[in-house]
Amino acid sequence: MSKAAIEAPRRRVFAIISHPDAGKTTLTENMLHSAGAIHLAGQVAARGEARRTKSDWMKIEQERGISVSSSVMTFEHKDLIFNLLDTPGHEDFSEDTYRTLTAADSAVMVLDAAKGIEPQTLKLFEVCRLRDIPIITFVNKLDREGREPFDTLAEIEDKLALDVRPMQWPAASGRRFRGVADLRTNEFLKFIRSEDGGNSPVGAERIALTGSNSIAEHFQDDDLLENFVEEVELAKEYGEFNEQSFREGHMTPVYFGSALRQFGVRELIDALAEFSPGPQTEQAKKAGQDVEISPQGKEVAGFVFKVQANMDLNHRDRVAFLRLCSGEFKRGMKLKTAENKTISVHNPILFFAQDRELADNAFAGDVIGIPNHGVLRVGDSLSESGKVKFAGIPNFAPEILRRARTKDPLKAKHLRKALESLAEEGVTQLFKPQMGSDMIVGAVGALQIDVMAERIKTEYGLEVIFEVPPYQTARWIATEDRSKIDDFIGKNRNNMAEDVDGDPVYLAKSAWDVGYAQEKNPDIRFLKAKERS
């Protein structure tokens, strides 16, 4: 049996999705802590050396307390290797989240016990549904007052059209929170609140639900205990968990806890180990033919789902995040893009948030970083033969357009280089108008513009001004007849631009103008999304 056939099934690649402030970053860091990958939340131990780092490592993330960048963290648990993809929580970064989810085999959906499903959770879930990604639900913040768990489960069923199966059941919430019942083992996990109210780990002692008086002693409230016992019986009426339905994206197992108090985190990791699928067979084209790429396949192949520049400001680095789909990768190996560019991978990186260490080998399900100088782009496929091409990762039409200029006109070239670099990462999109020298930046949300301004200032030392241009909408244009594209461009030169790939883009004053142009040019397609490959 090949090494790839042994190692690939040990991998689990999952993402964490949530509304901002649901506790995603806290859960991420405490999952790493519970698995022993870090000694304190916010500290990563790589090769035995404690190095301070957070999954939110950008300055703007630390200042605002939000995640605006995807990061990757690797840890081991129960002889499995987990690659955790931490996605941006803010809705303005849904495109970055979509790209990250293309590399995930499952997802953990974090809900605030008091708020349930919030707007951004719904958006991110729809992204998961596009790919039928299996979802495990974690209802967080039980140490604070929350609403009735039955209401939360009903909302999941109604809003997400998912079958729910509670695997645990909580005993109250807030100051009255006593712990959770494990519905599969018929045990009770005691919640012991730390005296100082801080983040010190709490015990999760297990007690048999029946035949013991120790639960009553722990509750010290007969009414609370009676209500809990009744709810546990009702929760069991949801029926048995169906793993096949879960893997098809139709059913979600539900767990409860408090990430801040590190309660229920270990049980969530155990659930991922037990239920989440390993690397899956991927659809691709090889030498123009449709093929299935098996994780146990011999040829090393994978795709770039993210590019990150300037993680290390001292070295002006650019790292491509490669999700491996097959084969055994070895350090020093030469890989080719589908466009036949050859990359010698001498310094492949394994990630611990911003920290990193060299990877001597990797397998399907692993995410490795490949340092490069702008050669690799989001959506690129890499393989030993250069003949494998995975489906591209789409760009979506921006909802906000801004004209970018620098306060110092002499630094216009520097600004263009910075904008192109960040556009290649996918932070925002960049359009070069055919008329005039200004660059047009496209974003899904306003926070993307703020992040871009902050990063240009921090990483490139430039003060950038974003102004409202005379355009509000951008659409890629395409047709099988190139002459019709050229004719349309010639007649609408004031509204035409190119994206970073050199593809034509129509910049319109409004959606009405797009509709009018479409009506007048029925042979041309005005596209809201473009596959980036």
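Check the entry above for the structure.
Student: How would you summarise the packing of aromatic side chains if you had to cite specific residues and measurements?
Tutor: Considering all chains together, one arrives at 18 aromatic pairs under this definition. Here the aromatic rings of Phe 241 and Phe 246 are separated by 5.8 Å at their centres, their planes lie at 50°, and the arrangement is tilted. Judged by its relative accessible area of 0%, Phe 246 is buried. Considering the side-chain rings of Phe 241 and Phe 275, the 4.6 Å spacing of their centres and the 55° angle between planes classify their relative orientation as tilted. Placement of the pair is Phe 241 in the loop between helix 8 (222–235) and helix 9 (243–247) and Phe 275 in helix 10 (residues 265–275), with a sequence separation of 34 residues. Of the residues examined, Phe 241 reaches a relative accessible area of 18% and is grouped as buried. Ring pairing ties together the aromatic residues Phe 14, Phe 75 and Phe 82, which thus form one cluster. Above the face of the Phe 321 ring, Lys 306 is positioned so that its terminal group lies 5.6 Å from the ring centre.

Student: Explain a negative patch on the surface to me, and be specific about the residues and the numbers.
Tutor: On the surface, a cluster of negative charge is made up of Asp 222, Asp 223, Glu 226 and Glu 230. As for its placement among the helices and strands, Asp 222 is situated in helix 8.

Student: Tell me what's going on with the sheet that holds strand 11 (residues 187–190), and back it up with residues and numbers.
Tutor: Taken in spatial order, the four strands line up as 9-10-11-12 in an open sheet, and their pairing is antiparallel. Every interior strand has two partners, whereas the edge strands, strand 9 (168–171) and strand 12 (206–208), have only one. Neighbour to neighbour, the strand axes of the sheet diverge by 30° on average, direction disregarded. One ladder, built from three bridges, connects strand 11 with strand 12; its direction is antiparallel. Note that in strand 12 the partner of Leu 189 across the bridge is Arg 206. The strands that helix 8 touches are strand 9, strand 10 (179–182) and strand 11; relative to strand 9, the one it contacts most, it runs at about 160°.

Student: Give me the lowdown on the sheet that holds strand 26 (residues 388–390), citing residues and values where you can.
Tutor: The three strands lie next to each other as 15-14-26, forming an open sheet whose pairing is antiparallel. In this open sheet, the two strands that pair with only one neighbour each are strand 15 (289–293) and strand 26. Shown here is a sheet whose adjacent strand axes are inclined to one another by a mean of 40°, direction ignored. Sheet topology note: the strand 14 (residues 282–286)/strand 26 ladder contains three bridges and is antiparallel.

Student: An account of the environment of Asp 151 is needed here, citing residue identities and associated values.
Tutor: Position of Asp 151 among the secondary structure elements: in helix 6 (residues 149–160). On a C-alpha basis, the gap between Asp 151 and Gly 116 in space is 8.6 Å, while along the polypeptide they are 35 residues apart.

Student: I'd like a description of the pairing of strand 19 (residues 334–337), backed by residues and values.
Tutor: With burial as the criterion, only one face of strand 19 is covered, namely that bearing Leu 335 and Thr 337; the residues Lys 334 and Lys 336 on the opposite face remain uncovered. Examined bridge by bridge, strand 19 and strand 20 (residues 342–344) share three bridges and lie antiparallel to one another. Opposite Leu 335, over in strand 20, you have Ile 343 as the bridge partner. In this sheet, strand 25 (residues 381–383) lies alongside strand 19 in antiparallel orientation, the contact comprising two bridges. From the neighbouring strand, Lys 336 faces strand 25, where its bridge partner is Ser 383.

Student: Provide a residue-level description of the pattern of salt bridges, including the pertinent values.
Tutor: A side chain of one charge can pair with a side chain of the opposite charge when the charged atoms of the two come close. Applying the stated criterion across every chain yields a total of 31 salt bridges. Between Arg 11 and Glu 7 there is a salt bridge, with the nearest N and O atoms lying 2.6 Å from each other. By relative accessible area, which is 14% here, Glu 7 ends up buried. Notably, a salt bridge pairs Asp 290 with Lys 285, separated by 2.7 Å at the nearest N-O pair.

Student: Hey, could you go over the environment of Ala 511 for me, with residue numbers and the actual values?
Tutor: Structurally, Ala 511 is set in helix 14 (residues 511–520). Residue Ala 511 is classed as exposed on the basis of its relative accessible area of 54%.

Student: I'd like a description of the packing of helix 2 (residues 24–34) against helix 10, backed by residues and values.
Tutor: In the contact formed by helix 2 and helix 10, the axes pass within 9 Å of each other and the chain directions differ by 80°. Of the possible angle classes, the one that applies to helix 2 and helix 10 is roughly perpendicular. The segment helix 2 lies against helix 10, with Leu 27, Asn 30, Met 31 and Ser 34 engaging Val 265, Arg 266, Leu 268, Ile 269 and Leu 272. In terms of residue class, the contact of helix 2 with helix 10 is built from six nonpolar, two polar and one charged.

Student: I'd like to hear about the side chain of Gln 168, residue by residue, with values.
Tutor: Its location among the elements puts Gln 168 in strand 9. By relative accessible area, Gln 168 is classed as buried at 2%. In this structure the side chain of Gln 168 is engaged in a polar contact, spanning 2.9 Å, whose partner is the backbone nitrogen of Phe 256. Residues contacting Gln 168, with those up to four places away along its chain left out, are Val 180, Ala 181, Leu 183, Val 254, Tyr 255, Phe 256 and Glu 267.

What counts, and where the lines are drawn
Residues numbered from 1 in each chain as written. Predicted model: local features only at pLDDT ≥ 70, side-chain atom pairs only at ≥ 80, totals over all residues. Heavy atoms only, no water. Phe/Tyr/Trp six-rings, centres within 6.5 Å; stacked < 30°, edge-to-face > 60°. Buried < 20%, exposed > 50% of the residue type's maximum accessible area, 1.4 Å probe, protein only. Helix = DSSP H or I, 4+ residues; strand = E, 2+ residues; numbered from the N terminus. Lys NZ or Arg CZ within 6 Å of the ring centre and 35° of its normal. Patch = residues over 30% accessible without salt bridge, like charges linked within 9 Å, V, L, I, M, F, W, Y side chains within 5 Å. Areas by Shrake-Rupley, 256 points an atom, 1.4 Å probe, with all protein chains shown as cover. Salt bridge = Lys/Arg side-chain N within 4 Å of Asp/Glu carboxyl O. Lys, Arg positive; Asp, Glu negative; His and termini not counted. Charge placed at Lys NZ, Arg CZ, Asp CG, Glu CD. Pairing = 2+ DSSP bridges. Axes fitted to C-alpha atoms, helices over the stretch in contact; angles between N-to-C directions. Contact = heavy atoms within 4.5 Å. Parallel < 35°, antiparallel > 145°, perpendicular 65-115°, else oblique. Nonpolar A, V, L, I, M, F, W, Y, C, P; charged D, E, K, R; others polar. Polar contact = N/O pair within 3.5 Å; in protein donor to acceptor, adjacent residues only side chain to side chain.

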